[in-house]
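# Architecture at a glance
Read off the chains here:
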Amino acid sequence: NAGVTQTPKFQVLKTGQSMTLQCAQDMNHNSMYWYRQDPGMGLRLIYYSASEGTTDKGEVPNGYNVSRLNKREFSLRLESAAPSQTSVYFCASSDLTGGLDEQFFGPGTRLTVL
Amino acid sequence: RKEVEQDPGPFNVPEGATVAFNCTYSNSASQSFFWYRQDCRKEPKLLMSVYSSGNEDGRFTAQLNRASQYISLLIRDSKLSDSATYLCVVPRPGGFKTIFGAGTRLFVKA
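Residues numbered from 1 in each chain as written. Chains lettered and ligands numbered in written order. Predicted model: local features only at pLDDT ≥ 70, side-chain atom pairs only at ≥ 80, totals over all residues. Heavy atoms only, no water.

## Some thoughts on the pattern of salt bridges
Enumeration over the complete set of coordinates arrives at 8 salt bridges over all chains. With a closest N to O distance of 3.5 Å, B:E56 and B:R76 form a salt bridge. Of the two residues, B:E56 is situated in strand 6 (residues 54-57) and B:R76 in the loop between strand 8 (70-75) and strand 9 (84-90); the sequence distance between them amounts to 20 residues. Among the ionic pairs, B:D77 bridges to B:K79, the shortest N-O distance being 2.9 Å. Through salt bridges with shared partners, a single network forms among A:R36, A:D38 and A:R44. (Salt bridge = Lys/Arg side-chain N within 4 Å of Asp/Glu carboxyl O. Helix = DSSP H or I, 4+ residues; strand = E, 2+ residues; numbered from the N terminus.)

## Some remarks on the packing of aromatic side chains
The full count for this structure, using the stated rule, is 13 aromatic pairs over all chains. Their ring planes at 85° and their centres at 6.1 Å tell us that B:F34 and B:Y51 sit as a pair that is edge-to-face. On the criterion of sequence distance, the pair formed by B:F34 in strand 4 (residues 33-38) and B:Y51 in the loop between strand 5 (44-50) and strand 6 is long-range, its members being 17 residues apart. Of the residues examined, B:F34 reaches a relative accessible area of 2% and is grouped as buried. Residue class for B:Y51 comes out partly exposed when judged on its relative accessible area of 45%. Members of the aromatic cluster, connected to one another through ring pairs, are A:Y33, A:Y35, A:F90, A:F105, B:F34, B:Y36, B:Y51 and B:F100. (Phe/Tyr/Trp six-rings, centres within 6.5 Å; stacked < 30°, edge-to-face > 60°. Buried < 20%, exposed > 50% of the residue type's maximum accessible area, 1.4 Å probe, protein only.)

## Notes on the sheet that holds strand 3 (residues 19-25) of chain A
Backbone-to-backbone hydrogen bonds join strands into a sheet, with any given pair of strands oriented parallel or antiparallel. All names here are of chain A. One open sheet accounts for 4 strands, arranged 1-3-8-7; its pairing is antiparallel. At either margin of the open sheet sits one strand with a lone partner, and together these are strand 1 (4-7) and strand 7 (64-68). Sheet twist, expressed as the mean angle between neighbouring strand axes with direction ignored, is 15°. Note that strand 7 and strand 8 (residues 74-78) share 5 bridges and pair antiparallel. Counterpart to V66 in the pairing with strand 8 is L76. (Pairing = 2+ DSSP bridges. Axes fitted to C-alpha atoms, helices over the stretch in contact; angles between N-to-C directions.)

## Observations concerning the pairing of strand 4 of chain B
All names here are of chain B. Taking burial as the measure, the 6 residues of strand 4 include 5 buried ones, the bulk of the element. As paired elements, strand 4 and strand 5 share 6 bridges and run antiparallel to each other. When the sheet's bridge partners are listed, F34 is paired in strand 5 with S49. Where strand 4 hands over to strand 5, the hairpin turn is made up of 5 residues, of which R41 adopts a positive phi near 60°. With 5 bridges joining them, strand 4 and strand 9 adopt antiparallel strand pairing. For R37, the partnering residue across the bridge sits in strand 9 and is Y86.

## Overview of the environment of B:N22
All names here are of chain B. Relative to the helices and strands, N22 is located in strand 3 (residues 19-25). With 23 residues separating them along the chain, N22 and K45 place their C-alpha atoms 19 Å apart. Look past the residues within four positions of N22 in its chain and what remains in contact with it is E5, Q6, D7, W35, Y70, I71 and S72. (Contact = heavy atoms within 4.5 Å.)

## Quick look at the interface of chain A and chain B
Each partner contributes residues to the interface: chain A has 27 residues there, and chain B has 20 residues. Approximately 1,900 Å² of surface area, both sides summed, lies buried where chain A meets chain B, with 58% of it carried by carbon and sulfur atoms. Counting the contacts that link chain A with chain B gives 0 salt bridges. Scanning the region where chain A abuts chain B turns up 4 residue pairs in polar contact (both at pLDDT 80 or more). Listing elements by their share of the side of chain A that touches chain B, those giving two or more residues are strand 4 (31-37) and strand 5 (44-49) of chain A. In terms of residue count, the dominant contributor to the side of chain A that touches chain B is strand 4 of chain A (4 residues). (Buried area = accessible area lost by both parts, 1.4 Å probe. Polar contact = N/O pair within 3.5 Å; in protein donor to acceptor, adjacent residues only side chain to side chain.)

Put into structure tokens, the structure is as follows:
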């Protein structure tokens with residue numbers, strides 16, 4: 001069981017470039033989430049997917065798009081990267097719906113936008 | 001007022017000490033609460049869940065005070081390996097938008 005995997009682990013982009021962060025879980029969880037973590041701030045929810053086929057905005061969705069490709073995979077896309085998107089990005093999954101359950105996190109992607 | 005607030009610390013304690021962290025939350029309808037642990041440059045991992053008045057797991061005790069809207073985490077007999085950031089987590093009732101506190105940093109010294 002790999003749990004939650006994320007690729008890439010590190011990425012440096014120039015302003016205006018695009019990229020997709022990949023996330024996959026092998027725990028057969030229904031719900032998946034994308035967070036960003038900045039120094040001095042808690043994890044902030046970007047987008048979530050309550051179940052396969054659905055996605056919804058979180059607290060800070062501007063500048064991002066997501067795709068729930070299937071039950072296992074949930075990708076995050078930055079269409080035109082900006083320095084304000086420099087952050088650590090975590091993908092997570094949980095079994096029960098509604099977020100009232102333990103979330104399992106991937107190892108994170110450290111993104112720098114120059 | 002932030003929805004979830006934690007003292008950022010850092011707390012510097014010697015091995016064997018007892019240390020407590022508090023976390024206040026603003027939504028009185030919240031029913032479940034979590035403490036996660038995050039090591040430096042790693043992902044958060046669940047430490048404890050708190051659904052009623054409290055929970056105990058070995059050296060760790062979590063308490064919930066609904067009247068004052070705070071939860072606490074008590075660590076007894078601190079170990080060097082307890083050095084980490086402790087995140088207070090409060091799911092919003094009826095939705096998926098879990099709120100994470102900014103975390104409290106703990107350093108345990110030999």
